[in-house]
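# Reading the structure
Now for the letters of each chain:
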Amino acid sequence: MIRVALDGLRSRSLLSLGTLLLLVVALGSAVLGPSFAAAVGNAYAVTRLQEERNVLTGRTWEVRPSSAVDDPGALLDDTLAQLVLPEDQHAATAQLESARVLAPGSLGEVMLMAKPDACAHLDLEGRCPTAPGEVAVLAGDAEEDGHELGDRIDLGEPFGTLTLVGTYAYPSGPTVSSERREALEDFWFEPGRLASVPATVRPGRQVTDIARQPAPYLVTPDQLAGLAPSQLLVRVDSRIEVPADLDAADLPALARRAAADPAPQQLAVGTAAEISNNDLDGIVADVERERRSALLAVTPAVVSLVLVALALLSRLTSAAGELRVPDLALASLRGADRRRTWLLALSEPLLLVVLAVPIGVAGGAALTWALVRAWLPTGLPVPVPAYAVLASVAVVACSIAVCVVSTRTVLARSLADQLSGQARPRPAGRLAVLVALALVALTLVLVVAALTRPAGGAADAADLVLPLLIAAVLGLAAAAGTRAAARALARRPARGVAGFLAVRAVARRSVGTLVVLPLTIAIAVVTFGAGTFDAAGAWRASVAATQAPASTVWSSELPMSEAVALTHRLDPDGRWLMATGTWNAQDGVYVVADVPRLPTASTWDPSWTPGHSVDDVVAAITRPPTPPLTGARLRLGLTVPRTAGEVTVEMRMRTSGGDTFNAYVGPFGPGTSTATEPIPCERGCTVEGLALAGPAGLPTDLSGEYVVGPLEADDTDASDVLTRGDWHLVDEGVAQAAQDVRVDGTGLVVTADGTGKGALTSGMGGLRPVVAGRVAVDRLGRVAAGAATSTVGGPPPSEAVLVAESVPFLGPEGVLIDYSVLTTNRTVYEEEFEVRVLAAAGTPERVTTALAGQGLAVERVYAQERERLDGTAYALALRLYLVASVLVLLMAVAGLVVTTAIQLPGRRMDAAALSVVGVRRRSVLSSVAVEQVVVLGAAAVAGLLAGAAAQLIVLGRITLGQVEEASWPRVVARIDPALLSATALVVAVLLGTVALLSAWATVRRARGASLREKAR
């Protein structure tokens, strides 16, 4: 029987090779998917620990000297030598710090710091301190304090007077290489320690809440000799050591060791207390979640590959069974019982399964090794988890089941049919119809469930099988529809020989349409896989733009007003820089930005506001610019009604540096008069508000029409401030006595009647226009409804003129508002802002150097954020969709070629018969080509529709990545026309080539002698 099976495999070599290829792909996929998922989980653990901030993964110790220190350099060396580090920590670095002491004048609370080789890890102007009495300070602090190289700085007791020999800045910006950036982070551990913290003063207060804390003053270790032990501190930092072959399963033990409460170490130099604030527990939880997500992401690709392979395998084993029918019939005539007939029928496919097991397992392992080496960090081992073995066993069992079912279909035929050698066309059986109806019903139920389920959840089993079910239903419909259409056309009068022959062939040769179902599933998997990979990439780009909404994001300790002024000073044309601040207001979170600079300085992902460009966003939420007022003295004219009392004009103004102040002009008596007032606006000011009031801006009785203007600054007409200021009545936070305002000539006409103020604002009146994340829209509605109760310093009543999928930094939960719109004629407590400066790609080095000199440090880089997201386990696992798409397409083409080759002898005899009766060769060739194009075209159209439908239904309701924060935007289901067109073109070229080659091979040897050939 084995000899008979081997003879059969050899005589049907093409069919055997096709079947073996499908079995190898199915088994290889079962090994590849779980193994690659385990590998990317380990890779994510390694990269996450390597790239996370040191303060979240490393450890820090503070060593208090036990006695007076005569040799600070020796103290640093002894501390490093005596401190016992955990086994998983990298070599430590140490620095000697003094306590902060309030220095004379406006220097603030000063701290001295000594660290060997510190100047080699800084951008230094001047030279490094080399002897006691010399100091280097942050460039921005030196500029703010008015110090130049060579100046002597009096720091008071106990530091004395030091000579400034250099200014430093932390090396930042896109010009710093990744290798140097990593070395800097290892040396300084936390770059934020070199930042300068300005003093905090709330509006209306006379004293500071928090004194200014300039960046550390760098000195030599000997400068700190003689200080009291209570004023000295040795800080030791050590980052985590991450081995390249780390197994993610070992992370929980590492986190437990880090979380253990360490006892203070008694050193010879003093007591070392660990003050680490790492978050290894949270990181381990994220890694474990990513590992599960990676396996979940791989599952659809693996399942798709296996199911397509099994569907094609079923078709090929059925075809092989059809070719073995004469042998089975002969065995029955010679007296073989049912058991021996089954063994004979199953011998060939089972022998192929046995041959495929070692080849498939070895191929899957080899492909896993190649992908791990190509896509994952160097040195990462290639694991073979237990569930890969279970998956392989399951695939073998399913393959055997497919072979048994296909064989049963052949053996169920009567002996007469077997001897005739031809299968008569029969209508589908009742069981087949019931299975098809059940498949349609199940698909409809899952589609409805997916459409009604809330978006943003994790993928479940229904999401994994839904694309395949949709493809199966459309494949069945395409096959049945093609046959039904061909039968209907066959009953009509023919219009040409080629069309008649093609229609009759499709209608009568049901075996030809059997390829539609597996081909539809394969094309649908390719379309869905390519679309999923593309959608995941677009989603990661959106997340990266949310986390890092510019080429480079700089963190700053400056108040928002000063950050705006700094960006305008360094980049007056608004080509590269933009200040932003995240603000936790009473009703939620806002991102406050210098919005007019949004198009040039930021990265605005087009998926956030579909149909609206970033220029549309700017136009929707900004106000027309108010002309600046430049001068040291203003002159204002005012016409007061004859029956009214004296009024004072209160003008709220903002300097170019961002400071606000009120100028009180007047008083003005009844009639027309002018008054002057000194103002600090030599560099320009913006008039944000006007108010007609009593003395010192208090409420008063107003009645009639008041004409404000003309306006002059240093004897130069500035009335355009009034006529082009877009003035509105203030409708919140004030007892409003004015009823109307209009422009007339060179000024404003204010109509008032009542007690209070005639308060005007230069800018948006009423609700402030904002771009709201889709989650924040309802909250804004509640704020607008309660606008009358809003308080000074709180959020303004706002109106969402655009709803976005995400806004910078805050995602769907945030609200974007323009800084000038927010602060115009309104008090905002800027110490509540977390300020950042966005810098576009191509920002000149002189500008980045100036930012670093002001104490700003690079917080995030868009390219690095995108690279980090692309390196997550989920993203790496999704790359298997590309592999799956290629393999599925190759399997589909291979199965189609084999199926066509099997049908070739029968088709060739039909073509020969047509040639004998006088049908021209061209007509025969055209009929075969049309038949193939119709059948394959139906499969292609159904597959493309199924893949596109699965994208729209499934992608909008799952997250193609692990959501780490609520600020991450959701996946937006979309069909990329360019990608869909490219997929359709590739499918059309492949299937069209097969159709033309099939037609050519059919006609090439279709001669009368072919009628004597027998199918093998």
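Residues numbered from 1 in each chain as written. Predicted model: local features only at pLDDT ≥ 70, side-chain atom pairs only at ≥ 80, totals over all residues. Heavy atoms only, no water.

### A closer look at the side chain of threonine 582
Locating threonine 582 in the fold gives a position in strand S15 (residues 577-585). Accessibility expressed as a relative area gives 11% for threonine 582, which makes it buried. In this structure threonine 582 touches Tyr590, Val591, Phe809, Leu810, Glu832, Phe833, Glu834 and Arg836, once residues within four positions along its chain are discounted. (Helix = DSSP H or I, 4+ residues; strand = E, 2+ residues; numbered from the N terminus. Buried < 20%, exposed > 50% of the residue type's maximum accessible area, 1.4 Å probe, protein only. Contact = heavy atoms within 4.5 Å.)

### Regarding the sheet that holds strand S16 (residues 588-593)
Pairing within the open sheet is mixed, and its 8 strands lie in the order S28-S27-S29-S16-S15-S30-S14-S31. Looking at strand neighbours, the two that pair on one side only are strand S28 (798-804) and strand S31 (857-861), the edges of this open sheet. Ignoring strand direction, the axes of neighbouring strands in this sheet form an average angle of 30°. As judged from the 7 bridges shared by S15 and strand S30 (residues 833-839), these two strands associate in the antiparallel manner. Paired with methionine 578 across the strands is leucine 838, a residue of S30. Together, S15, S16 and S30 form the strand contacts of helix H17 (residues 560-570), whose direction differs from that of S15 by roughly 170°. (Pairing = 2+ DSSP bridges. Axes fitted to C-alpha atoms, helices over the stretch in contact; angles between N-to-C directions.)

### Focus: the packing of helix H2 (residues 13-51) against helix H10 (residues 338-375)
Where H2 contacts H10, the two axes come as close as 7 Å, and the packing angle between them is 40°. Judged on the interaxial angle alone, H10 and H2 are oblique. Crossing of H2 against H10: the hand is right-handed. Along the lines of polarity and charge, the residues of the contact of H2 with H10 split into 20 nonpolar, 7 polar and no charged. (Parallel < 35°, antiparallel > 145°, perpendicular 65-115°, else oblique. Left-handed = near helix turned anticlockwise from the far one by under 90°. Nonpolar A, V, L, I, M, F, W, Y, C, P; charged D, E, K, R; others polar.)

### Topic: the pattern of salt bridges
Summed over the entire model, instances satisfying the criterion amount to 25 salt bridges. Among the salt bridges present, the one from arginine 212 reaches glutamate 144, with a minimum N-O distance of 3.9 Å. Linking arginine 212 in the loop between helix H6 (178-188) and strand S10 (217-218) with glutamate 144 in helix H5 (residues 139-145), this pair joins segments that are 68 residues apart in sequence. Judged by relative accessible area, arginine 212 falls into the buried class, the value being 7%. Overall, glutamate 144 belongs to the exposed group, its relative accessible area being 57%. One salt bridge connects arginine 652 with glutamate 688, and the closest N-O pair in it is separated by 3.3 Å. Separated by 36 residues along the polypeptide, arginine 652 in strand S18 (residues 647-655) and glutamate 688 in strand S20 (residues 671-693) bring together distant segments of the chain. (Salt bridge = Lys/Arg side-chain N within 4 Å of Asp/Glu carboxyl O.)

### Remarks on the environment of tryptophan 576
Among the secondary structure elements, tryptophan 576 is positioned in the loop between H17 and S15. Sequence separation between tryptophan 576 and proline 844 is 268 residues, and the spatial gap between their C-alpha atoms is 8.6 Å. Residues in contact with tryptophan 576, not counting those within four places in the same chain, are Asp571, Ala601, Leu838, Ala839, Ala840, Gly842, Thr843, Pro844, Arg846 and Val847.

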